[in-house]
Amino acid sequence: MKQTNRFWKIIFVTLFTTMVVISGILFFLWQTLTEEQIHAVTTITNDHSLYIISAIFIFAFVAFAGLEFIFIAYIEPLKKISAEASMIYSSNPSHRLNITGNKDIKNLSSVINDFADMFENLNKNITQQILVARKETEKERNLLAAIMAELPQGVIICNTSGRILLFNSLAKKIFTKETSSNTAEYFIGLGRSIFHLIDKELIAHAVEEIEEHLNNGRQSVASYFFTPIYTGRLISIETTPVLDQSNLMTGFILTFQDMSDDIDRYENINQTLLSFKQMLGNNILQEGSVVSDIVKQTDKELSRDFKLINEKYLHMSSFILDSTLNKLPLTTLSLSYFLSSLQKRLWDENGINLNLLNNDTDTRILADTYSFTVALVFLLVNLSEFTTQNEFDLETSTQKKEIWFDIKWQGNTASPPQIKNILSKKIRGLPSFGYVLKQNRAEFEIIAHNNQACSQVRIKAKSQLKYSSTRENRPAVMAASRPEFYDFDLFDIKDANFDLLDTSLKNITYTVFDTETTGLNTDGGDEIIAIAAVRIVNNRIVYQDIFEELVDPKRDIPMESYKIHGINYEMVAGKKDINTILPVFKKFTSDTVFVGHNIAFDMKMLKNKEKATHIKFLNPVLDTLLLSAILHPLHEQHDMENIAKRLGVNIIGRHTALGDAIATAEIFLKLLPILNSNGVLTLKDAIKASKKTYYSRLKY
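The structure reproduced in this document is the subject of the present report. (Residues numbered from 1 in each chain as written. Predicted model: local features only at pLDDT ≥ 70, side-chain atom pairs only at ≥ 80, totals over all residues. Heavy atoms only, no water.)

Once that is clear, we can look at the overall build of the chain. Helix and strand content of the chain: 22 helices and 18 strands. Here the chain, with 700 residues, has 41% of them falling under the buried criterion. In the chain, once contacts between residues fewer than 6 apart in sequence are set aside, the share between residues at least 24 apart is 69%. When the accessible surface of the chain is split by element, carbon and sulfur atoms take 55% of a total near 38,800 Å². (Helix = DSSP H or I, 4+ residues; strand = E, 2+ residues; numbered from the N terminus. Buried < 20%, exposed > 50% of the residue type's maximum accessible area, 1.4 Å probe, protein only. Contact = heavy atoms within 4.5 Å. Areas by Shrake-Rupley, 256 points an atom, 1.4 Å probe, with all protein chains shown as cover.)

Below is the structure:
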């Protein structure tokens, strides 16, 4: 119902009340009349009824015409002035009033337009002064941005909820496959969750380790781990906390290095040295046998020389491997602390009792804390399943530069093939058990007296390297000490279990999208041929985080549709079909609110594909058409062009999916302050208000 009806409601109530009062007065007067007076009134009424009825109709017509004139000349122009004046100061300073009405209304409009001119000029002057004042700062910001973009390490900064606040080009390259970023299934962008890229358990472990270091008052608190990612690469990750002035963690910095080449290089060196060792050993044995025959084992000095050569080779081989190993993302940690943590985790999570024997408090192990712990837990859990035992003994011993972990148990035994099979089993969030040991430079050995029974296994891990320097963890980053080149507003946005409906419209992450189709008949076989989207994060459009795909509709495209969007069948033939596109689009839009113009049509097209794709979009939805109708009820045109014109938005690429999506996003951001000034503050308010508009009744 239009707001203009409110005026007529008031008029109707006023007239009705007046008629009731007049009727009451006439009724009481009628009761006081004598019979002669009543007869006289009745006679006059009967004789002149036509005149009386005509007078009543003339009075009603004059009253209605007068009220209509008052409404058109005074009431309606005032409503338009109120609506359009708020548009000037909240969204579009270039907008001017063009109100028809009486002379006073026109004068008022002229005065408001004069003030609007002053406001726009003042706005431009202030903007110009700000640009001049920030010119030097902008140079420094650009320099910092260029340095960040070209750092030799990938960098991602997140808040405590894991939302990405900043990333550089190398980080994007590491987490992006060879295909373009907008077609990858793992999206990296502002406001997105880092847990879509890296297993949450890995980061949670790093954060727990950091918090423990902070509680113990340590200065070097960074945590390291390595993990394979979906692109097939193995990366080393350093996690450094960002602390506020109260020394509380407000976020964390992840720095990445691709370790795949280093791992391969280590393996090649290792294999080459092993081959050379085998060849050298064979040659030494052969030469030693020949010499032994010649000198008849009388020349012991020559034999000692061969032995010395072998020892020097082993020493040099160990030095080369250790030097190479020093580049890998392994850190030294206290063996005692490592074992006690392992013991506690096994009992708390799996109910397995681990008896620690010969626990050396001075020894330090070289390993990745998280993956090596998970590997040992994984091994013991599998052994427990094979043997139905829940108690194991773990004896540690130091052998040169290795630490041996001997795991023993009593009772039921396990077969060697059964235990060997554990090496190929996958660990959640990590590769296979054997691969994890390999990356930790550890070896696995089955201790069995025969091929049928086994009650002991051994893991050989590295102790702290003799030739490597201790890797110093980085200190925490103090937020107050950061150069004031960037404003990380997202640090203050939390992902706690809040009710999205009660969240402020300005604090929501949106996906603004649009589709192009073969036609407008949603139930008559028309198909999506293009879909595009852009995200709004922290109340601004992230133009780099877009989704744009052409879709093969598996049918022809009518000429009438081609004339609108310019997409013909040759352009979409051979492209991915909707069954392939929609799962990727769902990942792109996860944890966001949908925004579109006349979005009911687009949502209907998506809903039609639920059965075929098994993809259901449950995102909350806002429509700029409905929002415009809420805010500007006196305007009859709420198509994209007219809304954009009122709000001062330039549409580039009309009737292309991406062009319309970006234009809708710009319109939505212009509407937000007007919504807030009208008391529409939360998502619940916006949805509730949208349902009251006439356009919300449109169905597809």
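Moving on from the model shown.
The tendency in soluble globular proteins is for nonpolar side chains to be buried as a group. Membership of the largest hydrophobic core comes to 63 residues, with the highest contact counts inside it found for I198, F372 and F405. Examining the composition of this core, we find that 10 residues originate from one element, helix α11 (residues 369–387), more than from any other. Aside from chain neighbours lying at most four places away, what touches F372 is F338, I365, A367, F405, L437, N440, A442, I459 and A461. If you look at the next biggest cluster of nonpolar residues, it comprises 31 residues, including I508, L622, I630 and L671. (Core = buried A, V, L, I, M, F, W, Y, C linked by side-chain atoms within 4.5 Å.)

The subject of this paragraph is the packing of aromatic side chains. Using the criterion set out here, one finds 18 aromatic pairs in the structure. Ring geometry for F392 and W409: centres 5.8 Å apart, planes at 70°, overall edge-to-face. A residue pair is termed long-range when its members are at least 10 positions apart, and F392 in strand β9 (residues 391–399) and W409 in the loop between β10 (402–408) and α12 (416–420) qualify at 17 residues. Residue F392 shares its accessibility class with W409, and that shared class is buried. Look at F585 and F617: their rings are 5.7 Å apart centre to centre, the planes differ by 55°, and that puts the pair in the tilted class. Taken as a pair, F585 in helix α16 (residues 578–588) and F617 in the loop between α18 (610–613) and β18 (621–623) lie far apart in primary sequence, 32 residues in all. An aromatic cluster of at least three residues, connected via ring pairs, comprises F187, F513, F547, F585, F588, F594 and F617. Lying across the ring of F588, R192 places its NZ or CZ 4.5 Å from the centre. Just above the ring of F617 sits the side chain of K586; from NZ or CZ to the centre is 5.4 Å. (Phe/Tyr/Trp six-rings, centres within 6.5 Å; stacked < 30°, edge-to-face > 60°. Lys NZ or Arg CZ within 6 Å of the ring centre and 35° of its normal.)

Applying the stated criterion across every chain, the model contains 16 salt bridges. Notably, a salt bridge pairs K344 with D348, separated by 2.8 Å at the nearest N-O pair. Taken as a pair, K344 and D348 lie in helix α10 (residues 335–350) at a separation of four residues, close to a single helical turn. By relative accessible area, which is 55% here, K344 ends up exposed. Where E610 meets K607, a salt bridge forms, and the shortest distance between an N and an O atom there is 3.9 Å. (Salt bridge = Lys/Arg side-chain N within 4 Å of Asp/Glu carboxyl O.)

Right, let's get into the pairing of strand β16 (residues 540–550). Every other side chain in a regular strand lies on the same face of the sheet, so the side chains alternate between the two faces. Sheet analysis places strand β15 (residues 528–537) next to β16, joined by eight bridges and oriented antiparallel. Opposite V537, over in β16, you have R540 as the bridge partner. (Pairing = 2+ DSSP bridges.)

With that settled, consider the pairing of strand β3 (residues 223–228). The buried fraction of β3 is high, at five of six residues. Bridge analysis of β3 against strand β4 (residues 234–243) gives six bridges, and the strand direction is antiparallel. Residue pairing across strands places T227 opposite I235, the latter belonging to β4. Hairpin connection between β3 and β4: a loop of five residues separates the two successive antiparallel strands, and G232 in this loop has a positive phi of roughly 95°.

The subject of this paragraph is helix α20 (residues 640–647). For α20, the full list of buried residues reads M640, I643, A644, R646 and L647. Each buried residue of α20 lies within a common arc of 160° when the element is viewed along its axis, so the set occupies one face. On its buried face, α20 sits against α3 (49–90), α19 (624–631) and α21 (657–677). The N-cap of α20, judged by a side-chain oxygen 3.3 Å from the amide nitrogen of E641 a few residues on, is D639. In the segment just after α20, G648 is the residue with positive phi, at about 75°. (Arc of directions from axis to C-beta. Polar contact = N/O pair within 3.5 Å; in protein donor to acceptor, adjacent residues only side chain to side chain.)

The next thing to look at is the sheet that holds β16. Taken together, five strands build an open sheet; the order of strands is β16-β15-β14-β17-β18 and the sheet is mixed. Taken across any chain shown, the strands that pair with only one partner, and hence form the sheet edges, are β16 and β18. Taking the axes of each pair of neighbouring strands and ignoring which way they run, one obtains an average angle of 25° across the sheet. Sheet topology places strand β14 (residues 510–517) next to strand β17 (residues 593–596); three bridges connect them, and they run parallel. Within β17, the position partnered with V512 by the bridge is V595. (Axes fitted to C-alpha atoms, helices over the stretch in contact; angles between N-to-C directions.)

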